[in-house]
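Understanding the architecture of this molecule
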Amino acid sequence: MTKKTRAPPSGTAKRCKTGGKARKVAAPRGTRTKAAIRAISASALKKTAPDSAKPAIRRLRAQLAQALARIDELQASADTDFLLEIPNRRGFERELHRAISFIKRYHASGALIVLDVDRLKPINDAYGHAAGDRVLKTIVGELRSHVRASDVIGRLGGDEFALLLWNLSETDARAKAALLEQAIDRLSFSFHGHTITAGASAGIAILGPHAEAGNALDEADRAMYVRKAQRRHET
C-alpha cells in the first residue's frame, strides 16, 4: 500500500530539503499577516483573567474580524483598477498564474487575448480624459457581454486590456479575437456634437501544459502589434 503524504496546512511555513539540509519556506506575506493577528489575539486570550474572559473574547474577536476584513479590502484594492472595476495588471497576472497552474495540473486549456484600444489618445486630446474614460468603460461593458462569468478581463495599463478565456482551441481563440475587434469597431460615441469611433486590435496566445505567464503575455502582446499594423493597412 502506498503511504499517503499529508499536504502542508495552507499559509504555514513548510520545510524542504536542499543539499541534505532542511530549510524553512516562508508562507505568503498576506497569510503571515493574518496568522500574526490570530497569534496576538490567542496570546491575549491566554492572559485574560477567568472572571473577565467572555467580554474580552468578544472584544478581541470583533477586533480580529475588523482587522482581517481590512486586510482583504486592501488586498482587493491593490489588485483592482478603480476606474473600470476589473483587475489591474497585478491582479490579472495573479489570475493568469493561477490559471496556468490549474491548466498544468489538470491538463486543461485556455487562451490569452491582449487587446489594445485604437485612437484613445486623440480622443483624450480632443475631448478630455472624461471622454476617454467613458470610451474605456463602454468597451469593458462590451467585452463583458462576449465572455463567460468564469473568464477574466483585466486592464494591463492605459488603453491595453487582457482577457483570460477557458477551454478555447487556437481556432476558437482567433475567432473570438476577431469578434471582439468587430464589436468594438461598431461602437460609436458622441462628444460635443461629434460622433467618433475607437476600434481595437487583438493578439492571442494559447495556454497549454508548457505555458508560462510572462512568455504568454509577451506572445499575445507581439501578436497584437502585428495585428495593429495589419489593420492600419486595411483602412
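Residues numbered from 1 in each chain as written. Predicted model: local features only at pLDDT ≥ 70, side-chain atom pairs only at ≥ 80, totals over all residues. Heavy atoms only, no water.

With that out of the way, let us pick up the sheet that holds strand β6 (residues 152-157). The strand order β6-β7-β5-β10 describes an open sheet built from four strands, whose pairing is antiparallel. Both outer strands of the open sheet, β6 and β10 (200-207), are each paired with one neighbouring strand and no more. Direction aside, the axes of adjacent strands within the sheet are offset by 20° on average. The pairing of β6 with strand β7 (residues 160-166) spans five bridges and is antiparallel. Counterpart to I153 in the pairing with β7 is L163. Along the sheet, helix α3 (residues 89-106) contacts β5 (110-117), β6, β7 and β10; its crossing angle with β7, the most-contacted strand, is approximately 25°. (Pairing = 2+ DSSP bridges. Helix = DSSP H or I, 4+ residues; strand = E, 2+ residues; numbered from the N terminus. Axes fitted to C-alpha atoms, helices over the stretch in contact; angles between N-to-C directions. Contact = heavy atoms within 4.5 Å.)

Turning next to the pairing of β7. The two faces of the sheet receive side chains in turn, since in a regular strand these alternate between them. Of all seven residues making up β7, seven are buried, and the element is well covered by its neighbours. On β7, burial covers both faces: E160, A162, L164 and W166 on one face and F161, L163 and L165 on the other are all buried. In sequence, β6 turns back onto β7 through a hairpin of two residues, with G158 there showing a positive phi of about 60°. (Buried < 20%, exposed > 50% of the residue type's maximum accessible area, 1.4 Å probe, protein only.)

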